[in-house]
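# Structure assessment
If you want the building blocks of each chain, they are given just below.
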Amino acid sequence: MRLKVLKYVFLIGLLFSVGWSNAQMKVTHPPAADTVMMNAVPPPDTVKPTPPSQPPSLFTIRDIFVTGNKKTKGYTIERELPFKRGDKVALTELVQSFEIARQQLMNTALFHEAIVALKSFNGYDIDILVDVKERWYIFPIPYFKLVDRNLNQWLVDHKGSLDRVNYGLKFTYNNFTGRKDKLKLWLVNGYTRQAQVRYEQPYADKSLKHGYNIGFSYLSNREINYATIDDKQAFVKQDGFIRKQMQVNLEYVYRPALRTRHTFRMIYFDETIGDTVLQLNPHYYNAGLRRIRYPELSYTLDYQFVDYLPYPQQGFSGDFTLSKQGFGKDMNVWQLNARANFSRKFAPKASYTVQANATLKLPFDQPYYAKKMLGYGDNNLRGLEYYVIDGVAGISLRNTIRRQILDIKIRNPLRTNIDRVPFRFYLKTYGDMGYVYNRHPGQNQLPNKFLYSGGFGLDIVTIYDFVLRFEYSFNQLGQSGLFLHNRNDF
């Protein structure tokens, strides 16, 4: 056991040492002796006066030509550019701006490709070309999804039962009117019955700075996670529906510049559970309630400046959220959440990423319903996929080193606007750590304890922001295994 602990400590130390060594590479070393002699200052009588430095020549952006956009409005594309008509820029700044513009366009999830280049010039007047290749935006696809948190939990804990599957129709229309807006219609049956409609409009005015999102959903479940026992979700099932929830949400989005967004959100919840849940866990809600109705108000500040948002290798992104759930005995939670992702390339095909997440819920005495922390959604430690850790305060840190080993393009057998489908393969190693505080941990051992894990794996990245991850992980409990994860934005 001691040997395994030392293995993880060594792995995590290696990850941080690599980041530290890369930082040291920035230190400027003194020149060699022969360089000093070659650059020695000549005698005073031979010194020539240095001419005053000239400011760089500025070019005026005369026009911007957008091509390849059959659906997307031209002004929606120009909204993502760090320059506009009439701007005066130096040539060196213009080259950097072209790359930023390309990254911004790719991060909209509207295009397969984006090219930003100089089209023509006349003296100090220049024209810029923006050429894009649009994605397919309409996805009326059959819906089949596991309800468990990951594939391993479904296969191991629930024996791959089809009773724990949702199926139906998921209709998504991205770029609905060419303004990067999105329409969603879901009709789902199976483990969960769900009807959902949502519309997102990021550019609702002429300035393209103000937007809104509106949505409604109704769902009912035959099974519910009523407690956490031995650090795993415990479920109870009945013939009828044991949980019903209705949700209405309205959001206002303000995006004053390229990278920063402010979101003000208002959600109304109405949820009911069966008597069986209260018999098993009287503290599922506050005061033994079967039904809760409450509003949630929240503010989110979001910043994104990365090369490729679904799989960043260079740049920084982060968000901060302050929310208030409920104002009475039914629900009363103040919540702070902060996330950050810093990525840096230290070689042409290698990069290092640090992901941090911190959450605080007040007051500390909360019902089970409001104490979900690590292991839910994207907030998890690799190697602890079979477990959940509940609490009211938590922090996690995920460190990853990756290197691209293969970049191939396969001929597309379908007639679409993309001839070849790209696949990029990355080998990686990682080390994670975290901590969750829970005043009343009950029959669970992982809260109030320093957590750590590590491993190595392979990532596959392809079109439509699809990322498939194969990870072989070890944890502090002496366990190891292969875990599969995927991400897509359909």
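Scoring rules and cut-offs
Residues numbered from 1 in each chain as written. Predicted model: local features only at pLDDT ≥ 70, side-chain atom pairs only at ≥ 80, totals over all residues. Heavy atoms only, no water. Pairing = 2+ DSSP bridges. Helix = DSSP H or I, 4+ residues; strand = E, 2+ residues; numbered from the N terminus. Axes fitted to C-alpha atoms, helices over the stretch in contact; angles between N-to-C directions. 1 Å grid on protein atoms, 1.4 Å probe; cavity = no way out; pocket = protein on both sides within 12 Å on 5 of 7 lines; lining within 4 Å. Points joined across faces, edges and corners; volume = space filled by probe spheres on them. Nonpolar A, V, L, I, M, F, W, Y, C, P; charged D, E, K, R; others polar. Salt bridge = Lys/Arg side-chain N within 4 Å of Asp/Glu carboxyl O. Buried < 20%, exposed > 50% of the residue type's maximum accessible area, 1.4 Å probe, protein only. Patch = residues over 30% accessible without salt bridge, like charges linked within 9 Å, V, L, I, M, F, W, Y side chains within 5 Å. Areas by Shrake-Rupley, 256 points an atom, 1.4 Å probe, with all protein chains shown as cover. Phe/Tyr/Trp six-rings, centres within 6.5 Å; stacked < 30°, edge-to-face > 60°. Lys NZ or Arg CZ within 6 Å of the ring centre and 35° of its normal. Polar contact = N/O pair within 3.5 Å; in protein donor to acceptor, adjacent residues only side chain to side chain. Contact = heavy atoms within 4.5 Å. Core = buried A, V, L, I, M, F, W, Y, C linked by side-chain atoms within 4.5 Å.

## Topic: the pairing of strand β24 (residues 480-487)
- Relative to β24, strand β23 (residues 466-475) runs antiparallel, the two sharing eight bridges. Bridged to Y472 within β24 is L482.
- In sequence, β23 turns back onto β24 through a hairpin of four residues, with G478 there showing a positive phi of about 85°.

## A word on the sheet that holds strand β2 (residues 88-90)
- Pairing is mixed across the open sheet formed by four strands, whose spatial order is β2-β1-β4-β3. Among the strands making up the open sheet, the edge pair consists of β2 and β3 (111-122). The sheet shows a mean angle of 40° between the axes of neighbouring strands, direction not considered.
- As judged from the seven bridges shared by strand β1 (residues 58-67) and strand β4 (residues 125-134), these two strands associate in the parallel manner. Note on β4: the bridge partner recorded for I61 is I126.

## Some details on empty space enclosed by the protein
- One pass over the structure, following the stated rule, counts one cavity of 30 Å³ or more.
- The wall of the largest cavity is formed by L374, G375, N380, L381, L384, Y387 and I389.
- Looking at side-chain class alone, the lining of the largest cavity contains five nonpolar, two polar and no charged residues.

## Description of the pattern of salt bridges
- All told, the structure shown has 20 salt bridges when counted by the stated rule.
- D465 is the salt-bridge partner of R135, the closest N and O atoms lying 2.9 Å from each other. Residue R135 is located in the loop between β4 and β5 (138-146), and its partner D465 is located in the loop between β22 (451-462) and β23; the two are separated by 330 residues in the primary sequence.
- Note on D465: relative accessible area 2%, which makes it buried.
- For E471, the salt bridge goes to R469, with nearest N and O atoms at 2.7 Å.
- Looking at E471, the relative accessible area reads 0%, which means it is buried.
- Overall, the relative accessible area of 22% leaves R469 in the partly exposed class.
- A single network of salt bridges, built from pairs that share partners, joins R198, E200, E251 and R265.

## Observations concerning a nonpolar patch on the surface
- Judged by side-chain polarity, L185, V197, F216, Y218, V248 and Y268 come together as a nonpolar surface patch covering roughly 470 Å² of accessible area.
- Owing to a relative accessible area of 36%, Y218 belongs among the partly exposed residues under this scheme.

## Here's the deal with the packing of aromatic side chains
- Summed over the entire model, instances satisfying the criterion amount to 22 aromatic pairs.
- Centroid distance F171 to Y173: 6.5 Å. Interplanar angle 85°. Geometry classified as edge-to-face.
- Every member of this aromatic cluster is reached through a ring pair, and the members are F171, Y173, F176, Y199 and Y212.
- Sitting over the face of the ring of F65, K119 holds its NZ or CZ atom 4.8 Å from the ring centroid.

## Some thoughts on the side chain of D459
- Looking at the element boundaries, D459 is found in strand β22.
- Within the structure, the side chain of D459 is placed 2.7 Å from the side chain of Y311, a separation counted as a polar contact.
- Other than its neighbours up to four places away in sequence, D459 contacts Y311, R424, F425, Y426, K428, L468 and R469.

## Quick look at the nonpolar core
- The biggest cluster of nonpolar side chains holds 24 residues, and the ones touching the most others in it are F83, L105, V116, I128 and V130.
- Every element with two or more residues in this core is listed here: β1, α4 (91-106), β3 and β4.
- Considering every element that reaches this core, the biggest residue donor is α4, with five residues.
- Apart from residues lying up to four places away in sequence, V116 is in contact with F83, F98, A101, R102, L105, I128, L129 and V130.
- If you look at the next biggest cluster of nonpolar residues, it comprises 22 residues, including Y285, I292, Y376 and V388.

## Topic: unusual backbone geometry
- L362 connects to P363 through a cis peptide bond whose omega is -5°.
- Topologically, P363 is positioned in the loop between β17 (350-362) and β18 (372-374).
- If you check the backbone angles, Y464 has positive phi at about 55° while not being a glycine.
- Note that Y464 resides in the loop between β22 and β23.
- Located in the positive-phi region is D465, a residue other than glycine, with phi close to 60°.

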